[in-house]
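# Descriptive structure summary
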Amino acid sequence: MKNFLLGTVALIALGATVPALAADMAARPYTKAAPAAYAPIYNWTGFYIGGHVGGAFGGNNGFLGTTNNDSDGRFLGGLQGGADYQFAPNWVLGIEGQYSWLGSNNSGVAFSGAGAGYTYTHNQRGLGSVTGRLGYTWGPALLYVKGGYAYSDYNQSLTFGGVPQAFSTNSSHHDGYTVGAGLEYMFAQNWSGKVEYQYYDFGKTNFVTPAVLTQFGSTRHDEHTVKAGINYRFNMGGAPVAARY
């Protein structure tokens, strides 16, 4: 009987001790779940304005039997503006207007033989264009092609022995087409930089009058340009925008 009472007391004491020990144990530290992964997303949708500088190099396509200096390089600088729309999801479709002022270029052609004494001067002052463009983007980079309408801002004259002469050509050659390609990169919030090549073609000039100059054929008016530019983009995150994988 004595042993039974001692065993009962021991069990009661043990039952009281276990909860106390459990209460004295330190709580398990709380560990916050690792944050979800984030990836940068670049959105090209929006409007932009900017400027550019570069060089222009004319084609060397002169009248028969003459030499011109249209292939000389010239400085250019200008402005551009446009809008882009990103879809599907890595393609970008856009439209852009651009104008470039050209450095001085009084391209003079002196005729010989039957045309001796005549000098034709073509002074191209600027190049304009309205183009569509299609590009593929990965991250902050956009590779694109472009093409559309081109405008040549120029004046021309014809002299004989230094005296201005009346003349006519087959067309004005102010209007033409342009094609090009480039790479644009979003380097900061709302800012992007680009480099591009653009070719302009305004057709050929043929004299209609004076008749003596018609035998010299035609001269082509085209330009090869290389430009570096910068754009400010509205209503879009130029810097990476955090988004969950």
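Structure: see above.
Computed from a predicted model, the values in this text were never measured in an experiment.

### Notes on the overall build of the protein chain
Scanning the protein chain from terminus to terminus reveals one helix and 13 strands. Along the protein chain, helices (α) and strands (β) appear in the sequence α-β-β-β-β-β-β-β-β-β-β-β-β-β when read from the amino end. Within the span of the protein chain, comprising 245 residues, buried residues form 38% of the whole. Of the contacts formed within the protein chain by residues at least 6 apart in sequence, a portion of 71% connects residues at least 24 apart. About 13400 Å² of surface is accessible on the protein chain, with carbon and sulfur atoms providing 66% of the total.

### Topic: the side chain of serine 100
With respect to the helices and strands, the residue serine 100 is situated in strand 4 (residues 91-102). Using a relative accessible area of 1% as the deciding quantity, one classes serine 100 as buried. Reaching out from serine 100, the side chain makes a polar contact with the side chain of histidine 52 at a distance of 2.7 Å.

### A few points about the environment of glycine 94
Note on placement: glycine 94 falls in strand 4. Classification of glycine 94 as buried rests on a relative accessible area of 12%. Once the C-alpha coordinates of glycine 94 and aspartate 84 are considered, the two residues, ten residues apart in sequence, prove to be 4.1 Å apart. Among all residues touching glycine 94, those that are not within four sequence positions of it are Ala83, Asp84, Thr131, Gly132 and Arg133.

### Describing the nonpolar core
Ranked by size, the top nonpolar core spans nine residues in total: Phe63, Val109, Phe111, Tyr118, Tyr120, Leu158, Phe207, Leu213 and Phe216. Once you skip the residues sitting within four places of it in the chain, phenylalanine 63 turns out to touch Val109, Phe111, Tyr120, Thr205, Phe207, Phe216, Gly217, Ser218 and Thr219. Of all hydrophobic cores here, the second largest spans seven residues; its members include Ala56, Leu102, Leu127 and Phe202.

### Focus: the pattern of salt bridges
What the rule picks out here adds up to twelve salt bridges. Between glutamate 96 and lysine 146 there is a salt bridge; the shortest N-O distance is 2.9 Å. Highlighted residues: glutamate 96 in strand 4 and lysine 146 in strand 7 (residues 141-160), separated in sequence by 50 residues. Its relative accessible area of 6% is what places lysine 146 among the buried residues. One salt bridge in this structure joins aspartate 201 and arginine 220, with 2.9 Å as the shortest N-O distance.

How each quantity is defined
Residues numbered from 1 in each chain as written. Predicted model: local features only at pLDDT ≥ 70, side-chain atom pairs only at ≥ 80, totals over all residues. Heavy atoms only, no water. Helix = DSSP H or I, 4+ residues; strand = E, 2+ residues; numbered from the N terminus. Buried < 20%, exposed > 50% of the residue type's maximum accessible area, 1.4 Å probe, protein only. Contact = heavy atoms within 4.5 Å. Areas by Shrake-Rupley, 256 points an atom, 1.4 Å probe, with all protein chains shown as cover. Polar contact = N/O pair within 3.5 Å; in protein donor to acceptor, adjacent residues only side chain to side chain. Core = buried A, V, L, I, M, F, W, Y, C linked by side-chain atoms within 4.5 Å. Salt bridge = Lys/Arg side-chain N within 4 Å of Asp/Glu carboxyl O.

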